[in-house]
Amino acid sequence: MTIPNKTRLLLITTALLASIAASVVNAEDTEQSLLARARSLFKELPDSIHVDDYPHSAARVALGKSLFFETRVSSDGRMSCAACHNPSYHGADSLALSVGVHGQKLPRNAPTVFNTPLLIAQHYGGNRASVEEQAYKALISPLAYGNANFAQAEGKLRALGYAKMFEAAFPNEQDAITAENWATAIGSFERTLMTPAPFDAYLKGNTKALSTEAKLGLEKFISTGCAGCHNGTTVGGQSFQKFGLTEDYWLATGSKEMPLLKGRDKGRYHDTSKDEDLYVFKVPQLRNVAMTPPYFHDGSVAKLDDAVRVMARLQLGKKLSDEDVAHIVAFLESLSGAVPAQFASVPALPVAGFQNQ
Ligand code: HEC
Ligand code: HEC
């Protein structure tokens, strides 16, 4: 039987249209199933997190912001939280190793200060339970602020003229200038520093918020196994894991021995002295990771694509193609949010000079 040309054309066109429709439906299915997988592993950021233990107020957040930028409480008059967690560098300092008071090198890389109240604990070793404990202990750290004791730091705050701001932030207290209140106020400020990103818009259901490359990267990130450790609201920061499951990490990163740590950085072991914590580090959050090179606890790897390759090899025993790496990097870029406006603007601090003879 011969089919007339016109009918043949019609049949072909119909078949073609049906297959296009099917692939559109398939693409839509794939799109929705990727979103569903993403939603089962990650969560959107909240606007801010204020917990019952630390009730906040506008006065507290304002005081916290001033203290975050205040350098004159440190022993050389130059260190503040912002010196190492700087608005120009997305809440980090862009250095492999931070430089502390009197020019001393710290043994670790400064992570961003954004979204950190949501992490399981603070620092790579998790030796600070909350952002408040972190701020409290920094005040007498010989590397960060260099104060001999809390009384010395409180005396400086009094001399600088902070009494009114502390009284407004802690209205029912006799002597409001205390190290605990310093920490509570800074914590209140940090609890406002959330950085929603295109990935949050995606999780809310706007599948156009991510580029095709970023979506391919998201799929790779999940199917390769990265999300086994980097998951939750902060895409990491929720567990402690050994760095270097397939080989010693320093062979891949070129990490050096640190005099202050008496050798290689042993991670959580420095805080717990337990063998099972050897080379175990807190899994870092990956929010804003594209904005905060260099990478790893000692900033030993300069570029994000190399950090991704190191992770695939050392944590999963896999070698990724250059294309896969590029897609994962595109996904990681979708985790960058804007620097919060209240962090980007510099506060006017109480007027007083610092005697640095
Ligand atoms: C001299 C530089 C320096 C100063 C000053 C400094 N930090 Fe840090 N910060 C670091 C480094 C380095 C780390 C990583 C330490 C570690 O993991 O052992 C860190 C870690 C943190 C973390 C934990 C982040 C995470 O992902 O675990 C927070 C929160 C933080 N700092 C807030 C502050 C606040 C608030 C202040 C001021 C009170 C401050 N820092 C002062 C360098 C600094
Ligand atoms: C078994 C757990 C685990 C898996 C799986 C894993 N990671 Fe990690 N990741 C970590 C730990 C732990 C660190 C911190 C290492 C250090 O600095 O000491 C880290 C650090 C990183 C960093 C550096 C972050 C920074 O701020 O310096 C990036 C980027 C990263 N991982 C991406 C990935 C990617 C991409 C994958 C998948 C290919 C992946 N990770 C798989 C545990 C894991």
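Residues numbered from 1 in each chain as written. Chains lettered and ligands numbered in written order. Predicted model: local features only at pLDDT ≥ 70, side-chain atom pairs only at ≥ 80, totals over all residues.

## Topic: the overall build of the protein
No. 1: Looking only at helices and strands, the protein features 14 helices and two strands.
No. 2: If one aligns the C-alpha atoms of the protein with their principal axes, the spans along those axes are about 105 × 45 × 35 Å.
No. 3: Expressed as a percentage of the 357 residues in the protein, the buried residues total 41%.
No. 4: The contacts of the protein with a sequence gap of at least 6 include a subset with a gap of at least 24, amounting to 70%. (Helix = DSSP H or I, 4+ residues; strand = E, 2+ residues; numbered from the N terminus. Buried ≥ 20, exposed ≤ 12 C-beta atoms within 10 Å, placed from the backbone. Contact = placed C-beta atoms within 7 Å.)

## Overview of the packing of helix H9 (residues 212-224) against helix H13 (residues 322-333)
No. 1: The contact between H9 and H13 brings their axes to 7 Å, and the two run at 105°. Taken together, H9 and H13 sit at an angle that is classed as roughly perpendicular. Across from Glu 213, Ala 214, Leu 216, Gly 217, Leu 218, Lys 220 and Phe 221 in H9, the residues of H13 making contact are Asp 324, His 327, Ile 328, Val 329, Ala 330, Phe 331 and Glu 333.
No. 2: Across the contact of H9 with H13, the residue classes break down as eight nonpolar, two polar and four charged. (Axes fitted to C-alpha atoms, helices over the stretch in contact; angles between N-to-C directions. Parallel < 35°, antiparallel > 145°, perpendicular 65-115°, else oblique. Nonpolar A, V, L, I, M, F, W, Y, C, P; charged D, E, K, R; others polar.)

## Some points on the site of ligand 2
No. 1: Taken together, 23 residues lie near ligand 2, and Cys 226, Cys 229, Phe 296, Met 311 and Gln 315 sit nearest.
No. 2: When residues of the shell around ligand 2 are assigned to their parent elements, the largest contribution, six residues, is made by helix H12 (residues 304-316).
No. 3: Of the residues contributing to the shell around ligand 2, the split by class is 16 nonpolar, seven polar and no charged. (Near = placed C-beta within 6 Å.)

## Thoughts on the site of ligand 1
No. 1: Cys 81, Cys 84, Gly 100, His 123 and Tyr 124 are the nearest of the 24 residues found near ligand 1.
No. 2: At the level of secondary structure, the elements contributing two or more residues to the shell around ligand 1 comprise helix H3 (81-84) and helix H4 (131-138).
No. 3: The biggest single contributor to the shell around ligand 1 is H4, with four residues.
No. 4: Across the shell around ligand 1, the residue classes tally to 15 nonpolar, eight polar and one charged.

## Description of the nonpolar core
No. 1: The biggest cluster of nonpolar side chains holds 34 residues, and the ones touching the most others in it are Ala 307, Val 308, Phe 331, Leu 332 and Leu 335.
No. 2: Looking at this core, the elements with two or more residues in it are helix H8 (198-203), H9, helix H10 (249-253), strand S2 (280-282), H12 and H13.
No. 3: It is H12 that contributes the most residues to this core, six residues altogether.
No. 4: When neighbours within four sequence positions are excluded, Leu 335 is seen to be in contact with Ala 197, Phe 199, Val 235, Leu 286, Arg 287, Asn 288 and Val 289. (Core = buried A, V, L, I, M, F, W, Y, C linked by C-beta atoms within 7 Å.)

## Concerning the environment of Ser 57
No. 1: Here Ser 57 is to be found in the loop between helix H1 (5-41) and helix H2 (58-69).
No. 2: Taking the C-alpha atoms as reference, Ser 57 lies 9.8 Å from Phe 189; in sequence the two are 132 residues apart.

## Some thoughts on H4
No. 1: Taken across its eight residues, H4 has six buried, putting it largely inside the fold.
No. 2: Listed in full, the buried residues belonging to H4 are Val 131, Glu 132, Gln 134, Ala 135, Tyr 136 and Ala 138.
No. 3: Where H4 is buried, its residues contact helix H7 (179-190).

## Details of the packing of H12 against H13
No. 1: Running from N to C, H12 and H13 point in directions that differ by 115°, and their axes come no closer than 10 Å. What the angle tells us is that H12 and H13 run roughly perpendicular. For the pair H12 and H13, the crossing hand works out as right-handed. On H13, the residues that touch Leu 304, Asp 305, Val 308 and Arg 309 of H12 are Val 325, Ile 328, Val 329 and Leu 332.
No. 2: Among the residues making up the contact of H12 with H13, the classes are represented as six nonpolar, no polar and two charged. (Left-handed = near helix turned anticlockwise from the far one by under 90°.)

## Topic: H13
No. 1: The terminal C-alpha atoms of H13, which comprises 12 residues, lie 16 Å apart, in line with the 16 Å expected from a rise of 1.5 Å per residue.
No. 2: Every buried residue of H13 is accounted for by Asp 324, Val 325, His 327, Ile 328, Ala 330, Phe 331, Leu 332 and Glu 333.
No. 3: Each element contacted by the buried residues of H13 is listed here: H9 and H12. (Expected span 1.5 Å × (residues − 1).)

## Quick look at the environment of Gln 122
No. 1: Looking at the secondary structure, you find Gln 122 in the loop between H3 and H4.
No. 2: Measuring from C-alpha to C-alpha, the distance between Gln 122 and Leu 34 comes to 31 Å, with 88 residues separating the pair along the chain.
No. 3: In this structure, Gln 122 is in contact with Thr 116, Arg 128, Ser 130, Val 131 and Gln 134, ignoring residues within four places of it in sequence.

## Let's talk about unusual backbone geometry
Across the chain, the bulk of peptide bonds are trans and the bulk of non-glycine residues have phi less than zero.
No. 1: Here the amide bond leading from Pro 293 into Pro 294 is cis, since omega sits at -10°, within 30 degrees of zero.
No. 2: Mapped onto the elements, Pro 294 comes out in the loop between S2 and H12.
No. 3: Notably, Ser 94 is not glycine yet its phi reads approximately 70°, a positive angle.
No. 4: Its location among the elements puts Ser 94 in the loop between H3 and H4.
No. 5: Given 16 C-beta atoms within 10 Å, Ser 94 falls into the partly exposed group.

Function cannot be inferred from these measures alone, as they are strictly geometric.
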